[in-house]
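# Summary of the model geometry
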Amino acid sequence: NNFREGSASFRDVLGWAYPQRRLISLLIPDFFGNPSHHTYFDLWSWRRTPVTVNALGQPLAAISAIEFSIKNYVEGAGYLGMLPSLLAIIGALRWKGRHVGFFAMLAVLSILFVFGSPLYWIIYHLPGLNQVHSPFRWILLYSLSMALLAGMGYDALWQRRGAAGHWLRRVARWGERLLSRGVLWAGLATLGGLAAGLLAKDHLVTLADWIMRRLSGAPQAFADGRMFYSYQFRNVLILGSALAASGLLLWLQPRFRRAWVWGGLATLVVVGELFVIGKPFFPANDPALVGYRTPAIDFLTNDPNLFRITTYVGRDANDKPFNANAGMFYDLADIRGYDSIIIRQYAQYMETIQEQGELQYNRIAPIGNWRPEALESPLLDMLN
């Protein structure tokens, strides 16, 4: 009975998966920008510089943040940290425990679904699941699987260290050594390349400008190659530092006698990296900025009668007073809601009052000022 039943083809659903270029965000989460970044550190002036204009000449009002991703930042987030990812690989290599294979396979299948693999056909044709229009939501199961594998990898490092055993175990151990050394050297090479890039930045800025102008969406977020180079320098610096720190910890792990000491250092590396990346996106704000009251809200909450509300809006996309579900703050019943499961009969009922242009966003639409007669509909009265 969901309005979504049969509303999208398999090809449509795959079109809502991650674009393939987002693979880079599994290593550099802010490569496509971050909506909380309104300034950047300019490598030529050596100071933080606000975003003022992009390469198309659009002012700050049009590009309030440095971001050019096809998928919005929240839905496109899949970075778990460098060290957890490496520990997950080690967990899969060791293959200790009956659950390793299951979570390794789930991680692989999930990331394939996230990026729109034709294998998603299996999910799409399960009963009821053709209503699920978001293959990228499988990033949740990918993250869960990788986190569990990382824990298994950590345990395996300490539970089986020093054992000789089966030849497969020795192959896995050699694989770990190559992994740790390879990651360490990759990190040091990245940091060395950045240092050399600082010395040659005046020569590289032309190349950066050329890349920026050919990268879809980038000209909307960056003013020129200098801004693009400065911004991505920060992202690659985080990557190089995470690679070097993670590789060093894995390389030195056999030299530690106490697991809790190594585990403490590993925790610092993981938290430190994710804190640097995530802190701007998770600011500490006064809840009153969201949960404030207005005279209209006081009027509604003081009314003792039983009723439901909707809103009356203009055509401007930003004209959304009291957006769907905002009534939950104040215990006000709303005829719109914000839900992936809206009964088809109700959606059809609302379409007889006014066209429903927001079902694709999982919402019943408010009343638009281009259809004022809808306010007089007896069907609206029946909703109280």
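Numbering of residues begins from 1 in every chain and follows the order in which that chain's sequence is written. In keeping with the model being predicted, local features are shown solely for residues with a pLDDT of at least 70 and side-chain atom pairs are shown and tallied solely at 80 or more, while totals for entire chains, interfaces and linings include all residues. The side-chain quantities take in all heavy atoms of the structure and omit both hydrogens and water.

### Observations concerning the packing of helix H5 (residues 139-159) against helix H10 (residues 259-278)
Each axis is a line fitted through C-alpha atoms, and for a helix only the stretch in contact is used; angles between axes span 0 to 180 degrees, taken between their N-to-C directions. To qualify as a helix, a DSSP run of H or I must reach at least 4 residues; to qualify as a strand, a run of E must reach at least 2; elements of each kind are numbered from the N terminus. Where H5 contacts H10, the axes come no closer than 11 Å and their chain directions differ by 150°. For the element pair H5 / H10, the angle class is roughly antiparallel. The hand of the H5/H10 crossing is right-handed. When H5 is examined against H10, the residues Tyr154, Leu157 and Trp158 are found in contact with a partner set consisting of Ala259, Trp262 and Gly263. Residues are grouped as follows: Ala, Val, Leu, Ile, Met, Phe, Trp, Tyr, Cys and Pro are nonpolar; Asp, Glu, Lys and Arg are charged; all remaining types, including Gly, are polar. Taken together, the residues of the contact of H5 with H10 break down into five nonpolar, one polar and no charged. Any angle from 65 to 115 degrees is called roughly perpendicular, while one under 35 is roughly parallel, one over 145 is roughly antiparallel, and all others are oblique. Should the near helix be turned anticlockwise from the far one by less than a right angle, the crossing is left-handed, and should it be turned clockwise, the crossing is right-handed. In this analysis, two residues are considered to be in contact whenever any of their non-hydrogen atoms come within 4.5 Å of each other.

### Comments concerning the confidence of the model for the chain
pLDDT measures the predictor's confidence residue by residue and takes values from 0 up to 100. Put simply, the chain has an average pLDDT of 89, and 95% of its residues get 70 or more. Least confident of the elements in the chain is helix H6 (residues 167-199), whose mean pLDDT is 86; most confident is helix H9 (residues 225-252), at 96.

### Quick word on the packing of helix H2 (residues 82-94) against H5
For the pair H2 and H5, the least separation of the axes is 6 Å and the interaxial angle reads 70°. Classed by the angle they form, the pair H2 and H5 counts as roughly perpendicular. Of the two possible hands of crossing, H2 and H5 adopt the one that is left-handed. Judged by residue contacts, Pro84, Ser85, Leu87, Ala88, Ile90, Gly91 and Arg94 of H2 engage Met146, Leu149, Ala150, Met152, Gly153, Tyr154, Ala156 and Leu157 from H5. Residues belonging to the contact of H2 with H5 are distributed by class as follows: eleven nonpolar, three polar and one charged.

### Side note on a nonpolar patch on the surface
Surface patches are defined over residues having more than 30% relative accessible area and no salt bridge, joining like charges when they lie within 9 Å and nonpolar side chains (Val, Leu, Ile, Met, Phe, Trp, Tyr) when within 5 Å. Only the protein chains shown count as covering a residue, and every accessible area follows the Shrake-Rupley method with a 1.4 Å probe. Put simply, a salt bridge is a Lys or Arg side-chain nitrogen that is within 4 Å of an Asp or Glu carboxyl oxygen. A cluster of nonpolar side chains, contributed by Met105, Val108, Leu109, Leu112, Leu119, Trp121 and Ile122, occupies part of the molecular surface with about 620 Å² of accessible area. For the nonpolar patch, the secondary-structure elements that each account for two or more residues are helix H3 (100-114) and helix H4 (121-124). Tallying contributions element by element places H3 first for the nonpolar patch, with four residues. The residue Val108 is located in helix H3 in this model.

### Concerning the side chain of Lys201
Looking at the secondary structure, you find Lys201 in helix H7 (residues 201-214). Asp202 provides the closest opposite charge to the buried, salt-bridge-free Lys201, at an N-O distance of 5.4 Å. Apart from residues lying up to four places away in sequence, Lys201 is in contact with Leu43, Trp44 and Tyr229. Throughout this description, buried means an accessible area under 20% of the type-specific maximum (1.4 Å probe, protein chains only), exposed means over 50%, and partly exposed covers the range between. A positive count includes Lys and Arg, and a negative count includes Asp and Glu. His and the chain ends are not counted in either.

### Structural notes on the environment of Leu87
Among the secondary structure elements, Leu87 is positioned in helix H2. Using a relative accessible area of 8% as the deciding quantity, one classes Leu87 as buried. Residues Leu87 and Asp303 lie 216 residues apart in sequence; the distance between their C-alpha atoms is 57 Å. Once residues within four sequence positions are removed from consideration, Leu87 is found in contact with Leu149, Ala150, Gly153, Tyr154, Leu157, Leu250 and Trp262.

### Some points on the pairing of strand S2 (residues 39-42)
For two strands to pair, DSSP has to find at least two bridges joining them. Alignment of S2 against strand S3 (residues 47-50), held across four bridges, turns out to be antiparallel. Its bridge partner being in S3, Tyr40 is matched across the sheet by Thr49. What sits between S2 and S3 in their antiparallel hairpin is a turn of four residues, with Trp46 showing a positive phi close to 55°.

### Quick word on the pattern of salt bridges
Throughout the structure, instances matching the rule amount to ten salt bridges. Its salt-bridge partner being Asp209, residue Arg213 comes within 2.8 Å of it at the nearest N-O pair. Separated by four residues within a single helix, Arg213 and Asp209 lie in helix H7, roughly one turn from each other. Classification of Arg213 by relative accessible area gives partly exposed; the value is 42%. You can call Asp209 partly exposed: its relative accessible area is 21%. A salt bridge links Asp334 to Arg336; the shortest N-O distance between them is 2.7 Å. Using a relative accessible area of 19% as the deciding quantity, one classes Asp334 as buried. Here the salt bridges do not stand alone but share partners, grouping Lys320, Glu358 and Arg363 into one network.

### Side note on the packing of aromatic side chains
Each Phe, Tyr or Trp ring, with Trp reduced to its six-membered ring, pairs with another whose centre is within 6.5 Å; inter-plane angles below 30 degrees give stacked pairs, above 60 give edge-to-face pairs, and intermediate values give tilted ones. Evaluation of the coordinates by the stated rule reveals 21 aromatic pairs. With a centroid separation of 5.1 Å and an interplanar angle of 90°, the aromatic rings of Phe222 and Phe228 are classed as edge-to-face. Judged by its relative accessible area of 0%, Phe222 is buried. Judged by its relative accessible area of 7%, Phe228 falls in the buried class. Among the aromatic residues, ring-to-ring pairing joins Phe31, Phe32, Phe68, Phe222, Phe228 and Tyr231 into one connected group. Sitting over a ring, as applied to charges here, requires NZ of Lys or CZ of Arg to be within 6 Å of the ring centre and within 35 degrees of the ring normal. Sitting over the ring of Trp44, Lys201 keeps its end group 5.8 Å from the ring centre.

### A closer look at unusual backbone geometry
Even without a glycine there, the phi angle at Trp46 is positive, about 55°. Examined against the element boundaries, Trp46 turns out to sit in the loop between S2 and S3.

### Considering H10
Residue count minus one, scaled by 1.5 Å, sets the expected span of a helix. Over its 20 residues, H10 extends 28 Å from the first C-alpha to the last, a length consistent with the 28 Å expected when each residue adds 1.5 Å. Inspection of H10 places Trp262, Gly263, Ala266, Glu273, Ile277 and Gly278 among the buried residues, and these make up the whole buried set. Projected onto a plane normal to the axis of H10, the buried residues spread over an arc of 120° and lie on a single side. When the buried face of H10 is taken as reference, the exposed residues oriented beyond 90 degrees from it are Trp260 and Leu268. Close packing links the buried residues of H10 with strand S1 (33-34), H2, H5 and H9. In this description, one arc is meant: the one made by directions from the helix axis to the C-beta atoms.

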